[in-house]
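Spelled out from the first residue to the last, the chains are:
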Amino acid sequence: MKTLVIHPKDETTDVLSLIYEGKDYTVINDVNISKEQLKQTIREHDRIILLGHGLPDGMINPKVMKELPCLDNLYFVDDSFADVLRTKETVSVWCYSDLFFRKHRIPGFHTGMIISEMQEARFVLGHCP
């Protein structure tokens, strides 16, 4: 089974790299990859793991987050990926990914709210050891 990890480069989610570290997986972390190139790479794999920040409408492109308030191309993975992802085994770790995948009726393991960085933990918990 060929596994693809989609984890756009973002220092705030570096901790998520522990999920695939040392594994023989294909990893895409280039925030400048085109959506068509990304979809083609997804088609070539059986299992897709998506890691990052997100909203119910998709996984956010960290490059765009740094350019706020411009929200053009906010999503790295959006509704246009539903058909290709529906044919794959999927795992996603981003806030609200469960809502994205439920909306598109794509089975798999998908998180709701998740803390992926120390700054978030400090904010949510009030402190961090």
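Bear in mind that the values here come from a model prediction, so they are computed numbers and not experimental data.

The rules behind each value
- In this numbering scheme, every chain counts its residues from 1 along its sequence in written order.
- It should be noted that, the model being predicted, local features are given only for residues of pLDDT at least 70 and side-chain atom pairs only at 80 or more, the latter also being counted only at that level, while totals for whole chains, interfaces and linings use all residues.
- Side-chain numbers come from the whole structure's heavy atoms, not from hydrogens or water.
- Only residues whose relative accessible area exceeds 30% and that form no salt bridge enter a patch; like-charged residues are grouped when within 9 Å of one another, and nonpolar side chains (Val, Leu, Ile, Met, Phe, Trp, Tyr) when within 5 Å.
- Accessibility throughout is a Shrake-Rupley quantity obtained with a 1.4 Å probe, and a residue counts as covered only by protein chains that appear here.
- Salt bridges are defined by distance alone: a side-chain nitrogen of Lys or Arg within 4 Å of a carboxyl oxygen of Asp or Glu.
- Starting at the N terminus, helices and strands are each numbered in turn, a helix being any DSSP run of H or I of at least four residues and a strand any DSSP run of E of at least two.
- We call a residue buried when its accessible area falls under 20% of the maximum for its residue type, exposed when it is over 50%, and partly exposed in between, using a 1.4 Å probe and counting protein chains only.
- The term polar contact refers here to a pair of N or O atoms within 3.5 Å; inside protein, the definition further demands a hydrogen-donor-capable atom paired with an acceptor-capable atom, and it admits residues adjacent in sequence only when both atoms are side-chain atoms.
- Note on pairing: two strands pair once DSSP finds at least 2 bridges between them.
- Whether two residues are in contact is decided by their heavy atoms, any of which lying within 4.5 Å being enough.
- Where helices are involved, their axes are fitted lines through C-alpha atoms of the stretch in contact, as for all axes, and angles between N-to-C directions lie from 0 to 180°.
- Arc definition: directions from the helix axis to the C-beta atoms.

S.K.: Help me get a handle on a nonpolar patch on the surface, residues and values and all.
M.R.: A contiguous nonpolar patch, built from L55, Y96, L99 and M113 and spanning about 350 Å² of accessible area, is present on the exposed surface. Structurally, L99 can be placed in helix α4 (residues 97-103). Under the relative-accessibility criterion, L99 is labelled partly exposed at 34%.

S.K.: Go over the side chain of S97, please, and point to the residues and values.
M.R.: Relative to the helices and strands, S97 is located in helix α4. A residue is classified by how much of its surface remains accessible, and S97, at 0% relative accessible area, is buried. A polar contact of 2.8 Å, which involves the side chain of S97, links it to the side chain of S92. Within polar-contact distance, the side chain of S97 engages the backbone oxygen of T111 at 3.0 Å.

S.K.: Go over the environment of K23, please, and point to the residues and values.
M.R.: Counting through the fold element by element, K23 comes out in the loop between β1 (3-6) and β2 (26-28). Take K23: its relative accessible area is 45%, and that puts it in the partly exposed class. When the C-alpha positions of K23 and T3 are compared, they lie 9.5 Å apart, and in sequence the two are 20 residues distant.

S.K.: Let's hear about the sheet that holds strand β8 (residues 109-110): which residues, and what values?
M.R.: Pairing is parallel across the open sheet formed by five strands, whose spatial order is β2-β1-β3-β7-β8. Both edges of this open sheet fall to β2 and β8, since each of them pairs with a single strand only. Across five bridges, the pairing between strand β3 (residues 47-51) and strand β7 (residues 89-93) is parallel. When the sheet's bridge partners are listed, L50 is paired in β7 with S92. Helix-sheet contacts for helix α1 (residues 35-43) involve β1, β2 and β3, and the interaxial angle to β1 is about 150 degrees.

S.K.: Tell me about α1, and please be specific about residues and values.
M.R.: Buried residues of α1: L38, K39, T41 and I42, and no others. The buried residues of α1 occupy one face: seen down the axis, they fall within an arc of 160 degrees. Packing partners of the buried residues in α1 comprise β1, β2, β3, β6 (75-77) and α3 (82-86).

S.K.: Kindly report on the environment of P8, identifying the contributing residues and their values.
M.R.: Within the secondary structure, P8 sits in the loop between β1 and β2. P8 gets classed as buried once you look at its relative accessible area, which sits at 3%. In this structure the C-alpha to C-alpha distance between P8 and V31, which are 23 residues apart in sequence, comes to 5.4 Å. In contact with P8, not counting residues within four places along its chain, are T13, I28, N29, V31, L51, M59, P62 and F76.

S.K.: Talk me through the pattern of salt bridges; I want residue IDs and the actual numbers.
M.R.: Within this structure, the stated rule accounts for seven salt bridges. Measuring nitrogen to oxygen at the nearest pair gives 2.8 Å for the salt bridge that ties D83 to R86. Here D83 pairs with R86, and both are found in helix α3, just three residues apart, close to one helical turn. Linking D98 and R102 is a salt bridge whose minimum nitrogen-to-oxygen distance equals 3.7 Å. Here D98 and its partner R102 are both found in helix α4, four residues apart, which amounts to about one turn of the helix.

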